[in-house]
Amino acid sequence: MTTPSPTTYFLRRNRSEAVRLDAQHLLWQLHTKYLLHPEIPRKDGMAIADIGAGTGIWALELAPNIPTDARIVAYDIADTHFPAKEYWPANVRFELLDSLSPTIPPALIGQFDVVHLRMWAFIIRDNDPSTLIRHAARLLRPGGYLQWEDARFGSIVQRGLPAQQFRELMNRQTVVTGHDFRWLDNLAHHIQTTALDDKDERLEVVECRQQTPWATPQLIPLATDTFMLALENSSAVLDKLRAVAPSVPSQKEWLAGLAALHEDVMRKQPRDGEEERGEFHWLPVSLLGRKMRQ
């Protein structure tokens, strides 16, 4: 069986995905209530890297809220969702970078005061985020901060038969693609135990917030909608995966299961004999770390 490349992206790079990413950004803003973590000092000349930037919406919103001589570089492996250069703020630029590559351009090493990551859950494989963590740490200056927000897909809240059935479809996909989300429930542990290139340096966890359930229940519909859009977009690769692994659900089966799940989640009232309507959403984790000398 052919295993997908570690850098394979399972979502369409189209307009609906760009809009979903921006809506998901709104979800995170409403949840965390900050762009840059309040414990990160804003100082003149600071340099910020956003890796896996997508549309760059986080960098674009942060740009007017940092010192005028500070700069942000938004990195992604593809420029599909980058805005046209005429829309870049003066203190933001967009560049290509593979953050799962074993090598990193020497000019980037130790150049940033802050590295921001968001929603890497479906990129990381085999329960091992160490390559990404080391990459982020190499970008940081000593004393620099790592800010990370992600979805704990291993701890999906599910209720109702359609939710259970769709989760089984997801399991049939992830066992083939190598996605194992346990690391997201232990993100702080991975941050603290990943060996860095410089043996005299380490990443220290300043704060890690794992909420069960969401602290603001009003955000659950937005979390559900953006999740379902991502699941719909991910159906595009299923038939290709099925060609090498017949256990993977077909695109038709996936979309039918998703439609049944959406109908169950959107019901205003429980069905006869049911106490509650369907539910299907992930739980958040947000972490602030800092690169320190031993």
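Residues numbered from 1 in each chain as written. Predicted model: local features only at pLDDT ≥ 70, side-chain atom pairs only at ≥ 80, totals over all residues. Heavy atoms only, no water.

J.: What exactly am I supposed to notice about the packing of aromatic side chains here?
T.: Any two aromatic rings considered together are summarised by their centre-to-centre distance and by the angle between their planes. Counted under the stated rule, the structure contains 14 aromatic pairs. Plain terms: the ring middles of Trp 148 and Trp 183 are 6.0 Å apart, the flat faces sit at 55° to each other, and that makes the pair tilted. In this pair, Trp 148 is assigned in strand β5 (residues 140-159) and Trp 183 in the loop between α4 (161-177) and α5 (187-193), connecting sequence segments 35 residues apart. Comparing Trp 148 with Trp 183 shows no difference in burial state: the two are buried. Among the aromatic residues, those joined into a ring-pair cluster are Trp 28, Phe 122, Phe 153, Phe 166, Phe 181, Trp 214, Phe 227, Trp 254, Phe 280 and Trp 282. (Phe/Tyr/Trp six-rings, centres within 6.5 Å; stacked < 30°, edge-to-face > 60°. Helix = DSSP H or I, 4+ residues; strand = E, 2+ residues; numbered from the N terminus. Buried < 20%, exposed > 50% of the residue type's maximum accessible area, 1.4 Å probe, protein only.)

J.: So what exactly am I meant to see when it comes to the sheet that holds strand β3 (residues 92-96) here?
T.: Backbone-to-backbone hydrogen bonds pair the strands of a sheet. The strands run either parallel or antiparallel. Read from one edge to the other, the open sheet built from 7 strands follows the order β3-β2-β1-β4-β5-β7-β6, with strand pairing classed as mixed. The open sheet has two free edges, formed respectively by β3 and β6 (201-210), since each of these has just one partner strand. Within this sheet the neighbouring strands show an average axis-to-axis angle of 20°, counted without direction. The sheet contact formed by strand β1 (residues 47-51) and strand β4 (residues 112-118) spans 4 bridges and is parallel. Considered in β4, the bridge of Ile 51 is made with Leu 117. Sitting on the sheet, helix α3 (residues 130-139) is in contact with β1, β4, β5, β6 and β7 (279-293), with an inclination near 150° to β5. Here α4 sits on the sheet in contact with β5 and β7, set at roughly 130° to β5. (Pairing = 2+ DSSP bridges. Axes fitted to C-alpha atoms, helices over the stretch in contact; angles between N-to-C directions. Contact = heavy atoms within 4.5 Å.)

J.: What's the story with the side chain of Ser 130 in this structure? I'm lost.
T.: Looking at the element boundaries, Ser 130 is found in helix α3. Engagement of the side chain of Ser 130 in a polar contact is seen with the side chain of Asp 128, the distance being 2.6 Å. (Polar contact = N/O pair within 3.5 Å; in protein donor to acceptor, adjacent residues only side chain to side chain.)

J.: Quick question: what am I supposed to make of the packing of helix α6 (residues 220-234) against helix α8 (residues 251-266) here?
T.: Describing two packed helices takes the angle between their axes plus the distance from one axis to the other. Relative to each other, α6 and α8 sit at 165°, their axes nearing to 10 Å. Considering the angle they form, α6 stands roughly antiparallel to α8. The hand of the α6/α8 crossing is left-handed. On the side of α6, the interface is formed by Thr 224, Met 228, Leu 231, Glu 232 and Ser 234, while α8 contributes Trp 254, Leu 255, Leu 258, Leu 261, His 262 and Val 265. Class assignment for the residues of the contact of α6 with α8 results in 7 nonpolar, 3 polar and 1 charged. (Parallel < 35°, antiparallel > 145°, perpendicular 65-115°, else oblique. Left-handed = near helix turned anticlockwise from the far one by under 90°. Nonpolar A, V, L, I, M, F, W, Y, C, P; charged D, E, K, R; others polar.)

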